[in-house]
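Each chain, letter by letter, is given below.
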Amino acid sequence: MAASFSNLHFSATALAPAMMPYVANACFCFRSSYRNCSVGALAIPCDIGLRRLNSSQCAFVTGALGSSLPRACVQKRKLRYRLVQCMASVNGTGAIPGLAIDLQGPVLFQMLRAFCFYALTYIVAVPLFVVMLVVHPFVMVLDKHKRKAHHLINKVWANITISPFYTTQIEGLDNLPEPDEPAVYVSNHQSFLDIYTLLLLGRPFKFISKTSNFFIPIIGWSMYLTGHIPLHRMDTKSQIECFRHCLTLVKQGVSLVFFPEGTRSKDGKMAYFKKGAFTVAVKGKLPVIPVSLIGTGKLMPNGFEYTLRPGSVKAVIHPPLRGSNPDDLCEQARAVISDCLLKHGSEVY
């Protein structure tokens, strides 16, 4: 086996024939490499994206390649090497089992789209932030808790930002509560784009975000003015304070948005839900509105925020759920969102 800093070549004859549809379109490359992959003497031109695999996926590839694979490449926590998936293969197309996100399209084009997206985000955000600063004193006097004026500004910002890059379809608007009726919205979490999509629903809400996000110039400051909720994820005291803050807000008639998975999906599959959001709903005697987000993870997967693929996004608003048991509400909401995702070809755990 010959190896270089940019690519690690391996012999196709070392692969089991049954594994060829999968490993023929996989190669191990240096972390920042965007070059062609090669299997034996055959060069495969491909558009690639870097991705860390979980243990089972690493084991699959390790078993297929055997001793011809450098050990550093398959250790999950090694930062120097990552498995990249080529979009061409020797024996047809295939994918590594469990890798739900398919990386397609020219990477440089996707990176350019992402750059333009972030640039437009800030170009639009700056004047709107000035407007927010001007109206903020009046908002604090007239609408201290809901801050509907700020939410309207955020909706305009999201709408202008995403319109040139992808379309959004919202289904089930009749399931939304009245504008002044508080609710707890729960959604699957695939991508950085999820909040942009939820802002288009037309209902003012607050969401929880890690404290460091509030220090991002303009965007984070806008989050602070809107009244979103900061959280130190690894700090138990902060978690308790965050929970109390949520209960205070719902008593003031404020709607909340939760991502019950706790974080963005790492592989495109919806994870299991935590029951914090449903406990807040029960204690506040609020309906739970499940929302299925479809397509955001394909446009900008978690870990690939430097790329933006063409496509469309769909948000499905489901009928409200009510109950007095957080565990039951959690199961019902996850079942509703899971069924919708599966119907649209997404995967869940």
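Scroll up for the structure.
Let me sum up the structure you'll find in this document. (Residues numbered from 1 in each chain as written. Predicted model: local features only at pLDDT ≥ 70, side-chain atom pairs only at ≥ 80, totals over all residues. Heavy atoms only, no water.)

1. Describing the pattern of salt bridges
Under the counting rule described, the total for this entry stands at six salt bridges. One salt bridge in this structure joins lysine 148 and aspartate 180, with 3.3 Å as the shortest N-O distance. Of this pair, lysine 148 sits in helix 5 (residues 148–162) while aspartate 180 is found in the loop between strand 7 (167–171) and strand 8 (184–187), placing the two residues 32 residues apart along the sequence. Among the residues examined, lysine 148 registers a relative accessible area of 37% and is labelled partly exposed. (Salt bridge = Lys/Arg side-chain N within 4 Å of Asp/Glu carboxyl O. Helix = DSSP H or I, 4+ residues; strand = E, 2+ residues; numbered from the N terminus. Buried < 20%, exposed > 50% of the residue type's maximum accessible area, 1.4 Å probe, protein only.)

2. Re the environment of tyrosine 122
Here tyrosine 122 shows up in helix 4 (residues 107–142). Relative accessible area serves as the criterion here: at 32%, tyrosine 122 is assigned to the partly exposed category. Residues in contact with tyrosine 122, not counting those within four places in the same chain, are Ile216, Pro217, Ile218 and Ile219. (Contact = heavy atoms within 4.5 Å.)

3. Focus: the sheet that holds strand 8
Taking strand neighbours across the sheet as the criterion, the seven strands line up as 7-13-12-8-11-9-10 in an open arrangement whose pairing is mixed. In this open sheet, the two edge strands, each paired with only one partner strand, are strand 7 and strand 10 (229–231). Pairwise comparison of adjacent strand axes, ignoring direction, gives a mean angle of 25 degrees for this sheet. Where strand 8 meets strand 12 (residues 288–294), four bridges bridge the pair, whose relative direction is parallel. Following the sheet pairing, valine 184 is matched in strand 12 by valine 288. Each of strand 8, strand 11 (256–258) and strand 12 is contacted by helix 9 (residues 276–284), which is oriented at about 160 degrees to strand 8, the strand it contacts most. Sheet strands touched by helix 11 (residues 326–343): strand 8, strand 12 and strand 13 (312–317). Its angle to strand 12, the strand with the most contacts, is close to 30 degrees. (Pairing = 2+ DSSP bridges. Axes fitted to C-alpha atoms, helices over the stretch in contact; angles between N-to-C directions.)

4. Quick look at the side chain of serine 238
Tracing the chain through its elements places serine 238 in helix 8 (residues 236–251). For serine 238, a relative accessible area of 13% translates into the label buried. In this structure, serine 238 is in contact with Leu231 and His232, ignoring residues within four places of it in sequence.

5. Regarding the packing of helix 4 against helix 7 (residues 219–226)
Axis separation between helix 4 and helix 7 bottoms out at 10 Å; the angle between their running directions is 30 degrees. In this structure, helix 4 meets helix 7 at a crossing whose hand is left-handed. Contacts from Thr121, Tyr122, Ala125, Phe129, Met132, Leu133 and His136 in helix 4 reach Ile219, Trp221, Ser222, Leu225 and Thr226 in helix 7. The residue makeup of the contact of helix 4 with helix 7, split by class, is eight nonpolar, four polar and no charged. (Left-handed = near helix turned anticlockwise from the far one by under 90°. Nonpolar A, V, L, I, M, F, W, Y, C, P; charged D, E, K, R; others polar.)

6. Focus: the pairing of strand 8
Looking along a regular strand, one sees the side chains alternate between the two faces of the sheet. A two-sided burial pattern is seen for strand 8, the buried positions comprising Val184 and Val186 on one face and Tyr185 and Ser187 on the other. Here strand 8 runs beside strand 11; their pairing, made up of three bridges, is parallel. Bridged to tyrosine 185 within strand 11 is valine 257.

7. Description of a positive patch on the surface
Judged by side-chain charge, Lys210, Arg233, Lys266 and Lys274 come together as a positively charged surface patch. Tracing the chain through its elements places lysine 274 in the loop between strand 11 and helix 9. Residue lysine 274 is classed as exposed on the basis of its relative accessible area of 55%. (Patch = residues over 30% accessible without salt bridge, like charges linked within 9 Å, V, L, I, M, F, W, Y side chains within 5 Å. Areas by Shrake-Rupley, 256 points an atom, 1.4 Å probe, with all protein chains shown as cover. Lys, Arg positive; Asp, Glu negative; His and termini not counted. Charge placed at Lys NZ, Arg CZ, Asp CG, Glu CD.)

8. Section: the packing of helix 4 against helix 5
Their axes nearest at 9 Å, the elements helix 4 and helix 5 cross at an angle of 165 degrees. On the basis of their axis angle, the class for helix 4 and helix 5 is roughly antiparallel. Judged by the twist between their axes, the crossing of helix 4 over helix 5 is right-handed. Contacts from Phe117, Leu120, Thr121, Val124, Ala125, Leu128, Val131, Met132, Val135, His136 and Val139 of helix 4 reach helix 5 at Ala149, His150, Ile153, Asn154, Val156, Trp157, Ile160, Thr161 and Ile162. When the residues that make up the contact of helix 4 with helix 5 are grouped by side-chain class, the tally is 15 nonpolar, five polar and no charged. (Parallel < 35°, antiparallel > 145°, perpendicular 65-115°, else oblique.)

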